[in-house]
Each structure stands twice: as structure tokens, then as C-alpha cells.
Amino acid sequence: SQTIHQWPATLVQPVGSPLSLECTVEGTSNPNLYWYRQAAGRGLQLLFYSVGIGQISSEVPQNLSASRPQDRQFILSSKKLLLSDSGFYLCAWSRQGDSPLHFGNGTRLTVT
Amino acid sequence: GENVGLHLPTLSVQEGDNSIINCAYSNSASDYFIWYKQESGKGPQFIIDIRSNMDKRQGQRVTVLLNKTVKHLSLQIAATQPGDSAVYFCAESLGGSNYKLTFGKGTLLTVNP
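Residues numbered from 1 in each chain as written. Chains lettered and ligands numbered in written order. Predicted model: local features only at pLDDT ≥ 70, side-chain atom pairs only at ≥ 80, totals over all residues. Heavy atoms only, no water.

Turning our attention to the overall build of chain A. A count of helical and extended segments in chain A gives zero helices and 11 strands. Along its sequence from the N terminus, chain A presents helices and strands in the succession β-β-β-β-β-β-β-β-β-β-β. In terms of C-alpha radius of gyration, chain A reaches 13 Å, essentially the compact-globule figure of 13 Å for 112 residues. Among the 112 residues that make up chain A, the fraction classed as buried is 51%. Taking the average location of the 8 positive side-chain charges in chain A and that of its 6 negative ones, the two points are 8 Å from each other. (Helix = DSSP H or I, 4+ residues; strand = E, 2+ residues; numbered from the N terminus. Rg over C-alpha atoms; globule rule 2.2 N^0.38 Å. Buried < 20%, exposed > 50% of the residue type's maximum accessible area, 1.4 Å probe, protein only. Lys, Arg positive; Asp, Glu negative; His and termini not counted. Charge placed at Lys NZ, Arg CZ, Asp CG, Glu CD.)

Here we come to the side chain of D85 of chain A. Residue and element names in this part refer to chain A. Locating D85 in the fold gives a position in the loop between β8 (73–78) and β9 (87–94). Buried and unpaired, D85 has no salt bridge, with R37 as the nearest side chain of opposite charge at 4.0 Å. A polar atom in the side chain of D85 sits 2.8 Å from the backbone nitrogen of L82. Discounting chain neighbours no more than four positions away, the residues touching D85 are R37, N63, L64, K80, L109 and V111. (Salt bridge = Lys/Arg side-chain N within 4 Å of Asp/Glu carboxyl O. Polar contact = N/O pair within 3.5 Å; in protein donor to acceptor, adjacent residues only side chain to side chain. Contact = heavy atoms within 4.5 Å.)

With that settled, the discussion passes to the environment of Y36 of chain B. Counting through the fold element by element, Y36 of chain B comes out in strand β3 (residues 32–38). With 42 residues separating them in the primary sequence, Y36 of chain B and A78 of chain B have C-alpha atoms 16 Å apart. The residues touching Y36 of chain B, leaving out its near neighbours within four places in the chain, are P100, L101 and F103 of chain A together with P44, Q45, F46, I47, V87, Y88, F89, L101 and F103 of chain B. Only 2.7 Å separates the side chain of Y36 of chain B from the backbone oxygen of L101 of chain A, close enough to count as a polar contact.

Detailed reading of predicted coordinates is not advised where the pLDDT is low. Scored by pLDDT, chain B has a mean of 89; 89% of the residues are at 70 or more. Every residue in residues 1–6 of chain B is under pLDDT 50, and counting partners more than four places away or in other chains gives 19 contacts. (pLDDT = per-residue confidence, 0-100.)

Residue and element names in this part refer to chain B. The four strands are arranged β2-β7-β6-β5 in an open sheet whose pairing can be described as antiparallel. The open sheet has two edge strands, β2 (19–24) and β5 (56–58), and neither has a second partner. Sheet twist, expressed as the average angle between the axes of neighbouring strands with direction ignored, equals 15°. Relative to strand β6 (residues 62–67), β5 runs antiparallel, the two sharing three bridges. By the bridge assignment, Q58 is partnered in β6 with T63. (Pairing = 2+ DSSP bridges. Axes fitted to C-alpha atoms, helices over the stretch in contact; angles between N-to-C directions.)

A few words now on the state of the cysteines. This model, assessed by the stated rule, comprises two disulfides over all chains. Through a disulfide, C23 of chain A is tied to C91 of chain A; the S-S separation comes to 2.0 Å. Disulfide C23 of chain A-C91 of chain A: the torsion about the S-S bond is -80°, which places it as left-handed. Placement of the pair is C23 of chain A in strand β3 (residues 19–26) and C91 of chain A in strand β9, with a sequence separation of 68 residues. Across the disulfide, C23 of chain B is cross-linked to C90 of chain B (sulfur-sulfur distance 1.6 Å). (Disulfide = S-S within 2.5 Å.)

Glancing now at the nonpolar core. If you look at the biggest cluster of nonpolar residues, it comprises 21 residues, and the most contacted ones within it are W35 and F48 of chain A. Counting only elements with at least two residues in this core, the list comes to β3, β4 (32–38), β5 (44–52), β8, β9 and β11 (107–111) of chain A. (Core = buried A, V, L, I, M, F, W, Y, C linked by side-chain atoms within 4.5 Å.)

Attention shifts here to the packing of aromatic side chains. To describe a pair of aromatic rings, one takes the distance between the centres and the angle between the planes. As enumerated under the stated definition, the model contains nine aromatic pairs over all chains in all. Judged by centre distance (5.5 Å) and plane angle (85°), the rings of Y36 of chain A and F103 of chain B are edge-to-face. Of this pair, Y36 of chain A sits in strand β4 while F103 of chain B sits in strand β9 (residues 102–103), placing the two residues on different chains. Like F103 of chain B, Y36 of chain A is buried. Put simply, the rings of Y34, Y36 and F103 of chain A together with Y36, F46 and F103 of chain B pair up and form one aromatic cluster. (Phe/Tyr/Trp six-rings, centres within 6.5 Å; stacked < 30°, edge-to-face > 60°.)

Another aspect to go through is the side chain of T107 of chain A. Residue and element names in this part refer to chain A. Turning to its location among the elements, T107 is positioned in strand β11. On the basis of relative accessible area, T107 is assigned to the buried category, the value being 0%. When sequence neighbours within four positions are dropped, the list of residues in contact with T107 reads Q6, W7, P8, A9, L11, L21, G87, F88 and Y89.

Quick look at the structure:
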């Protein structure tokens, strides 16, 4: 069966510090990979998606970037965090085509 | 964890009752729909999906109904249990582009014992 791992679960970082959130998927190959952000009381906002190694599409201009160095590894980064980067970050994977996304348990990021 | 229940539509039911959660989707061209359940502090969990060539699909204790005429999706939960308490999201996408899923804002379901 497939599993998705996302870490850390919580993170408190000062403004201006760098960020690296990691996500890995097991039990499948060539998945689509996604980073979402969820603000309190709101739906999910797609930040990045990837259909293959080194292929990253950005949905919203922002202070964040994503990379996919390996088939089942997806990394969300920032060089300098802003207060507005605080939120709940979710990684997800899916098969190609019409198939559901499967989410990790998220990282709660607080920028102070 | 993240409190995703703020400012959300809410539904409160008694344990053992049936629950119906509704969702109005936006794009008449959408042809793939998904329901998710999200508990506090966790990621959304897939419940059930349906394609536009169907109007009903059943799972274990759950049924999804799709009315394309009025762009309406509903999730029915039979014999609701306290463990069903969570925020429920619907999502829609165009065919083959599940990376373009659009999520609704969610409904908070509270099950009273």
C-alpha cells in the first residue's frame, strides 16, 4: 500500500529564516506530487504541483519554491520567511488522470 | 493542529442519525468530484469520488449524489457516529487534470452522543 510522510509536524521559525519541508511517498512510482496551504477556516490553496522529476508548476506567485530531486520526494523551501507564510502546509500525491489526492498529515508553520 | 472549523458552515446531528452534507460546485465543465474528511490537526482523508457519468455512488456508510443540472454534490453518511465529527470538503476537477482540483470551503460536522 502507498504511504506519504511529511515532516516536521510543527515548526516555529523567525521572520527571515530559511525553510525546508520534506515529503516522501512510498509504494508507488511516478506519482503526481502537490504542496497545498490551508489557512484557518479556509479551503486548500494549491501552491505547487509536479508531474515528474524536476518538473514543477507554480500556482501562485509567492515567497516559496518547490523541488523534486527524486521521483517520490517533494521539498518546499523558502530563503527568507515572512509572517504571512504562517499556515498549515500539506503535501499530497496522486496517480495520473482522474484519481483522488492522498494527503500527508501536514506541517503547522508559525513564523514569529 | 490547525483549527479549520472557524467561520465554516456547520451541521450538528445526533449519533445514529443520517447526515447530509451539501456542496455547490462552480464549473459546469467539471467531471470528477471528490469528498474529503479532515479531522483537527490532520490532513484531509479521501472518502469517496464520483465521475460525471454517474449520479450516485455508494461506499461503506456513505453515498455521494451528483446533480449536474444544478451543479450540486451531496455526501450522505448513514448512522452517523462520533468519529464522523470533522470538516468535510468537496473538490472538483476537469477531466485528467487532477492537479487542478478546486476545493470547497468545508462543512463542520458535529455528532452529539
